[in-house]
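Results of the structural survey
Next come the chains, spelled out residue by residue.
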Amino acid sequence: MNDYFRLIRHSDRAWHDRFFNFVASIFDGGRTFSAWSARGGWVDGYDVFAAVVDDQVVSTIGRQSMRYVINGKECNGYQIGAVATHADHRNRGLARLLMNKVLGELDAPDQPVILFANSSVLDFYPRFGFRRLAQSGFIAHIDVHPAGTLAPTLDLARPTDRAWLADHCARASAIGQGFAARDYYPTMLFNLMRQSRIVYRMDSFGAVMIVQQHGDRLLIEDLLATRPFRLKDALPHVCAQPVQTLEFSFHPEAWWPNAESQSLDDGGSPLFARGAAVGVVMPIRFPGLAHT
């Protein structure tokens, strides 16, 4: 067999379909990668470390460049995903080989790296210095009624809306200062394509809000803001009916300081971190990031 390693970059388009076919055969949501790329999600900054046998991809780790804010300081890091090996090629150390290659290319030993793990392989990542971090949600009790008209929504099937969202994401500030990410449009686009959400464009607030509403409970999954504003003033424009309970999928430290912390079920996607991210003591849950 012809067995070798290959790095698949944005420019290596001849190899993209082989990667897409591989992840589609492994993950329930694997077909999202192809659709994500077709809508411009695969740009410079996303690389696939792949083991190849007879010119077929048999094991992968995807690596997305990220911009993190940790304890008030911005730093470059990565998010890892698409960690998989074909059943016929397991127990050969391919995942270990690829992980060592990914981590061997860090700018510094303590560079932050995060990943959302499959719950069946929780013992794998600690071998490489990863530590499991608690994920928390936050909740507040409010009384908010809808405004006369909801804010306009973005349709990610439209190239103009995607371009606008990418530009807005690049200009938005990090959602918090403890442990957050910023300028993460490619991963946000992947997540939105995998799980459809309402994306409100709120020009009067300089913001985008990604929400779900279930009865009188409003969940804010992500908030991208280019300037500060009173979140309570914006809520009537994103709720279709009265809201009594407000939930956050992130730490709303600057947006709703009195929100109560809630321990969350990992939902089958435990969060692991390495390097500078390990020292974070604040319970977190990242918005907008792909979990595959």
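Structure: above.
Below, the structure is looked at part by part. (Residues numbered from 1 in each chain as written. Predicted model: local features only at pLDDT ≥ 70, side-chain atom pairs only at ≥ 80, totals over all residues. Heavy atoms only, no water.)

**Observations regarding the environment of Thr187**
In this fold, Thr187 is placed in helix H5 (residues 185–194). With relative accessibility at 6%, the residue Thr187 sits in the buried group. For the pair Thr187 and His10, spaced 177 residues apart in sequence, the C-alpha to C-alpha distance is 15 Å. (Helix = DSSP H or I, 4+ residues; strand = E, 2+ residues; numbered from the N terminus. Buried < 20%, exposed > 50% of the residue type's maximum accessible area, 1.4 Å probe, protein only.)

**A few points about the sheet that holds strand S12 (residues 243–248)**
Spatially, S9-S10-S11-S12-S7-S13 is the arrangement adopted by the 6 strands of the open sheet, whose pairing is mixed. Two strands in the sheet have a free side with no partner beyond their single neighbour: strand S9 (198–202) and strand S13 (260–263). The average undirected angle you get between the axes of adjacent strands in this sheet is 35 degrees. Here 8 bridges tie strand S10 (residues 207–214) to strand S11 (residues 217–225), and the two strands are oriented antiparallel to one another. (Pairing = 2+ DSSP bridges. Axes fitted to C-alpha atoms, helices over the stretch in contact; angles between N-to-C directions.)

**Overview of the nonpolar core**
Formed by 45 residues in total, the largest nonpolar core has its most connected members in Phe19, Phe33, Leu165 and Met188. The next biggest cluster of nonpolar side chains, apart from the first, holds 32 residues, and it includes Ile142, Leu218, Leu231 and Leu235. (Core = buried A, V, L, I, M, F, W, Y, C linked by side-chain atoms within 4.5 Å.)

**Points about unusual backbone geometry**
Of note, Asp54 is a non-glycine position whose phi angle comes to about 50 degrees, a positive value. In this fold, Asp54 is placed in the loop between strand S2 (46–53) and strand S3 (56–70). Even without being glycine, Asn71 reaches a positive phi, approximately 50 degrees. Assignment of secondary structure puts Asn71 in the loop between S3 and strand S4 (73–85). Accessibility expressed as a relative area gives 56% for Asn71, which makes it exposed.

**With respect to the pattern of salt bridges**
On inspection of all chains with the given rule, the structure shows 13 salt bridges. Among the ionic pairs, Asp47 bridges to Arg9, the shortest N-O distance being 3.3 Å. Here the residue Asp47 occupies a position in strand S2, and Arg9 occupies one in the loop between strand S1 (3–8) and helix H1 (13–26), the gap between them amounting to 38 residues. When its relative accessible area of 40% is taken as the criterion, Arg9 is described as partly exposed. Linking Asp155 and Arg158 is a salt bridge whose minimum nitrogen-to-oxygen distance equals 3.8 Å. Residue Asp155 is classed as partly exposed on the basis of its relative accessible area, which comes to 34%. Among the charged side chains, a salt-bridge network with shared partners connects Arg9, Asp47, Arg63 and Glu105. (Salt bridge = Lys/Arg side-chain N within 4 Å of Asp/Glu carboxyl O.)

**Observations concerning the side chain of Asp222**
On the secondary structure map, Asp222 appears in strand S11. Put simply, Asp222 is tucked away with no salt bridge, and the nearest opposite charge, on Arg197, sits 11 Å away. Of the polar contacts made by the side chain of Asp222, one reaches the side chain of Tyr184; its length is 2.7 Å. (Lys, Arg positive; Asp, Glu negative; His and termini not counted. Polar contact = N/O pair within 3.5 Å; in protein donor to acceptor, adjacent residues only side chain to side chain.)

**Observations regarding the pairing of S9**
With 5 bridges connecting them, S9 and S10 associate as antiparallel partners. Residue Tyr200 lies in a different strand from S10, and its bridge partner there is Met209.

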